[in-house]
Amino acid sequence: MSTLLATRLKSKRLELGLSQKELAEGVCEQGQISRMEKGKYMPGSDLLYSLSKKMNVPMNYFFDDSVLGETSKLVQFKELVESFLVKREYDSLKYLYSLEIDKQHRLPLSDQNYLEWIGAIVSFHCDNKREEAIKKLEQMLVRLSKDELMYLRISNTLLNFFLEEKNNNEFEKCYQAVLPKLQSIDFTHIIELKIYIKIRYNFCRYLWKSSQIEKGIEETLDVIEKCNKYSCSYLLADLYCILANISEDFSSQSIVKQYFTLSQVLYKLSGNEKMALTLEKYLRDNFQKV
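For the structure given in this document, a descriptive report is provided here.

## Side note on the environment of Glu 89
Here's step 1: Within the fold, Glu 89 resides in the loop between helix H5 (75-87) and helix H6 (90-100).
Here's step 2: Its relative accessible area of 31% is what places Glu 89 among the partly exposed residues.
Here's step 3: Put simply, Glu 89 and His 125 are 36 residues apart on the chain and 9.9 Å apart in space, counted from C-alpha to C-alpha.

Here is the structure:
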């Protein structure tokens, strides 16, 4: 089997911040991905086409040396960052960031922007420099094209910051600004789908926090439907947790318990033991008689 295929498949997967399971979802078995990356399995043209479409690369990316391969210098860094962000492990993120920041001036522009974005997240969550972090991201948006994925990433982070600061006016402005771009998302590209889910998830949180119950339930169910339609489990546990919270004063206790239980199981399956244990305790303390 082509060594280039094995190398580029794994490299692109890590660049996109995907686990083998996430890449395989809706395409093939996880074991096939593992064997391909070890050079022990040659996929057929149909499978290779599905993988190339999901990873947003041409099919000859896996075989042709003349097609440019990985250009990012932060592949492993980005893989860890994604894990820390999903689990909200900001202290670990700060340590990881401190190991990379000195290299920033030697990196490609896209990687420099990526590090600047992570620096703002560290400033906001770890260094209590919240206004400074928001201003930095707003300045980045001005100089980035709206067609860049980094534009969407930064917009999503700003939405999260405005939620934390309870600044509903700025949240609404930011969400309305990014909404047209969401309507042009290509859901077959996993990285675009994940960013779409992140932004919609923050909007669901906003509706919950601002007590817009019916709209919040409608929006959350719609995002869950998108996840299921495209076989994507990304943030699915968080979405069911939001659905349970937003439904507590609206739906029956048995339905709310069902949502929390499903969320707890999904957290456990995704390896987020902290949230799984937190929900297990919450269910035990509040739903014993349901």
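And the narrative resumes.
## Some points on the pattern of salt bridges
Here's step 1: Per the stated rule, a full pass over the model turns up 12 salt bridges.
Here's step 2: As a salt-bridge pair, Lys 94 and Asp 127 come within 2.8 Å of each other at their nearest N and O atoms. Taken as a pair, Lys 94 in helix H6 and Asp 127 in the loop between helix H7 (109-125) and helix H8 (130-143) lie far apart in primary sequence, 33 residues in all.
Here's step 3: According to the relative accessible area criterion, Asp 127 is partly exposed, its value standing at 29%.

## Digging into the packing of aromatic side chains
Here's step 1: Overall, the coordinates contain 13 aromatic pairs when judged by the stated rule.
Here's step 2: When the ring of Tyr 175 is compared with that of Phe 203, the centres are 4.1 Å apart and the planes differ by 5°; the resulting orientation is stacked. Of this pair, Tyr 175 sits in helix H10 (residues 168-182) while Phe 203 sits in helix H11 (residues 190-209); the two residues are 28 residues apart in sequence, bridging distant segments of the chain.
Here's step 3: A relative accessible area of 7% means that Phe 203 is categorised as buried.
Here's step 4: Following the ring pairs from residue to residue traces out a cluster consisting of Phe 171, Tyr 175, Phe 203 and Tyr 206.
Here's step 5: The aromatic ring of Tyr 114 is capped on one face by Lys 78, whose charged end is 4.8 Å from the ring centroid.
Here's step 6: It is Lys 209 that lies over the ring of Trp 208; its NZ or CZ is 4.4 Å from the centre.

Rules used throughout
Residues numbered from 1 in each chain as written. Predicted model: local features only at pLDDT ≥ 70, side-chain atom pairs only at ≥ 80, totals over all residues. Heavy atoms only, no water. Helix = DSSP H or I, 4+ residues; strand = E, 2+ residues; numbered from the N terminus. Buried < 20%, exposed > 50% of the residue type's maximum accessible area, 1.4 Å probe, protein only. Salt bridge = Lys/Arg side-chain N within 4 Å of Asp/Glu carboxyl O. Phe/Tyr/Trp six-rings, centres within 6.5 Å; stacked < 30°, edge-to-face > 60°. Lys NZ or Arg CZ within 6 Å of the ring centre and 35° of its normal.

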